Amino acid sequence: MARRATWSQYRETIGNRSGLFEALADRWPVERALYPGSYVDLSPSTAIASVTYVDTDVRAARFFADSDRIQRELTGHTRQGARTDVRFLAADYTQALDIPDDSMDLLISLYAGPVWEHTRRYLSPGGWLLANTSHGDASLAALDDSLRLVAVVQYREGQYRVLVGGLEEYLVPKRREAADADRIRASGRGIPYTRTAFAYLFQSR
Ligand SMILES: C[S@@+](CC[C@H](N)C(=O)[O-])C[C@H]1O[C@@H](n2cnc3c(N)ncnc32)[C@H](O)[C@@H]1O
């Protein structure tokens, strides 16, 4: 029988993103996060008190159904005294989710498709969107007047760094005509920028 998917095993592929969420939670008051298309990436729960994970993959549903396993996986990884409220929705994030509107401080969009446009209603005013360009989400966010870039996340040699200076150098398209929301949606990919980062943090206005 195939090994069950777990965060510890998944970390061997994608690395450990705990440092990224720790850096975010250290700097901004993020208490509740929504992670659509999370698969089994449990890293936000190492630093954020309440995280709702959403995925259609049955392996993710199996992983999150085992609450003892979740607690064991988090042991030794959470910030001192951190509360860990982990919720999982086996759902398609493009459909309505059982989550109140305006209830999340942080929306996480990493390698999982057009998360922002489908789940923005759950983000509280003034909340944050963490997105990368892989499926075009950060590129769409960069064109969205309701968001402003407040930080970039750089990744080097296993370390995440959150930078708040020099932001004007990021999200500058190599070709201006490529910065078109309809074209980005149709391609499902981000556009090339003169300077890149692992991910971008936007704040809703
Ligand atoms: C490439 S994995 C990325 C997982 C994780 N976000 C990461 O960065 O490692 C994409 C995940 O998004 C999930 N996904 C894609 N579209 C989805 C949708 N509409 N609703 C829920 N989950 C979705 C897939 O099932 C898969 O687990």
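Residues numbered from 1 in each chain as written. Predicted model: local features only at pLDDT ≥ 70, side-chain atom pairs only at ≥ 80, totals over all residues.

Colleague: Would you take a moment to explain the overall build of the chain for this structure?
Modeller: When you go through the chain residue by residue, the secondary structure sums to 7 helices and 8 strands. Dimensions of the chain, computed from the C-alpha atoms along their principal axes, are close to 50 × 35 × 35 Å. Looking at the 205 residues of the chain, the share that counts as buried comes to 39%. In the chain, of all internal contacts separated by at least 6 residues, the share reaching a separation of at least 24 is 59%. (Helix = DSSP H or I, 4+ residues; strand = E, 2+ residues; numbered from the N terminus. Buried ≥ 20, exposed ≤ 12 C-beta atoms within 10 Å, placed from the backbone. Contact = placed C-beta atoms within 7 Å.)

Colleague: Help me understand the pairing of strand β6 (residues 147-156) in this model?
Modeller: Each regular strand carries side chains that alternate between the two faces of the sheet. In terms of strand pairing, β6 meets strand β8 (residues 199-204) through 6 bridges, oriented antiparallel. The partner of Ala151 across the bridge, within β8, is Leu201. Sheet topology note: the β6/strand β7 (residues 159-163) ladder contains 5 bridges and is antiparallel. For Arg156, the partnering residue across the bridge sits in β7 and is Gln159. The loop that links β6 with its antiparallel partner β7 comprises 2 residues; one of these, Glu157, has a positive phi angle of about 45°. (Pairing = 2+ DSSP bridges.)

Colleague: Would you take a moment to explain the sheet that holds β7 for this structure?
Modeller: Backbone-to-backbone hydrogen bonds join strands into a sheet, with any given pair of strands oriented parallel or antiparallel. A sheet is described by the order of its strands in space; here 8 strands give the open sequence β3-β2-β1-β4-β5-β8-β6-β7, paired in mixed fashion. Two strands bound the open sheet, and with one partner strand each, they are β3 (85-89) and β7. Direction aside, the axes of adjacent strands within the sheet are offset by 20° on average. (Axes fitted to C-alpha atoms, helices over the stretch in contact; angles between N-to-C directions.)

Colleague: Hey, could you run me through helix α2 (residues 18-27) in this one?
Modeller: Owing to its 3.6 residues per turn, the α-helix aligns residues three or four sequence positions apart on the same side. The set of residues buried in α2 consists of Ser18, Leu20, Phe21, Glu22, Leu24 and Ala25. Looking at the buried side of α2, the elements it contacts are β6 and β7.

Colleague: Help me understand unusual backbone geometry, please; the structure alone is not making it clear to me.
Modeller: Note: most peptide bonds trans; most residues except glycine with negative phi. The backbone of Glu157 shows a phi angle near 45°, a positive value even though the residue is not glycine. Here Glu157 is to be found in the loop between β6 and β7. The exposure class assigned to Glu157 is exposed, which follows from the 4 C-beta atoms found within 10 Å. A positive phi angle, close to 60°, is found at Leu171, a residue other than glycine. Tracing the chain through its elements places Leu171 in the loop between β7 and α7 (181-187).

Colleague: Even after reading the chapter, I still don't get the environment of Gly126, so can you show me in this structure?
Modeller: For Gly126, the location among the structural elements is in strand β5 (residues 123-131). With 69 residues separating them along the chain, Gly126 and Arg195 place their C-alpha atoms 26 Å apart. Residues in contact with Gly126, not counting those within four places in the same chain, are Gln203 and Ser204.

Colleague: Can you help me understand the nonpolar core in this one?
Modeller: For soluble globular proteins, nonpolar side chains are generally found buried alongside one another. Core analysis: the largest hydrophobic core is formed by 54 residues, its most contacted members being Ala33, Leu106, Leu107, Leu129, Ala131, Ala141 and Tyr200. For this core, the element with the most residues is β5, which contributes 5 residues. In contact with Tyr200, not counting residues within four places along its chain, are Ala131, Ala138, Ala141, Leu149, Val152, Tyr170 and Leu171. (Core = buried A, V, L, I, M, F, W, Y, C linked by C-beta atoms within 7 Å.)

Colleague: How should I be thinking about the environment of Ile70 in this particular structure?
Modeller: Mapped onto the elements of the fold, Ile70 is located in helix α4 (residues 67-74). On the neighbour-count criterion, Ile70 (20 C-beta atoms within 10 Å) is buried. Distance in space between the C-alpha atoms of Ile70 and Thr84 is 9.8 Å, their sequence separation being 14 residues. Setting aside residues up to four positions removed in sequence, Ile70 forms contacts with Leu42, Phe64 and Val86.

Colleague: Would you take a moment to explain the environment of Met104 for this structure?
Modeller: Note on placement: Met104 falls in strand β4 (residues 104-109). Residue Met104 is classed as buried on the basis of its 27 C-beta neighbours within 10 Å. Considering only alpha carbons, one finds Met104 and Ser124, 20 residues apart in sequence, at a separation of 5.5 Å. Sequence-distant contacts of Met104, defined by excluding residues within four places in its chain, comprise Arg32, Ala33, Leu34, Tyr122, Leu123, Ser124 and Gly127.

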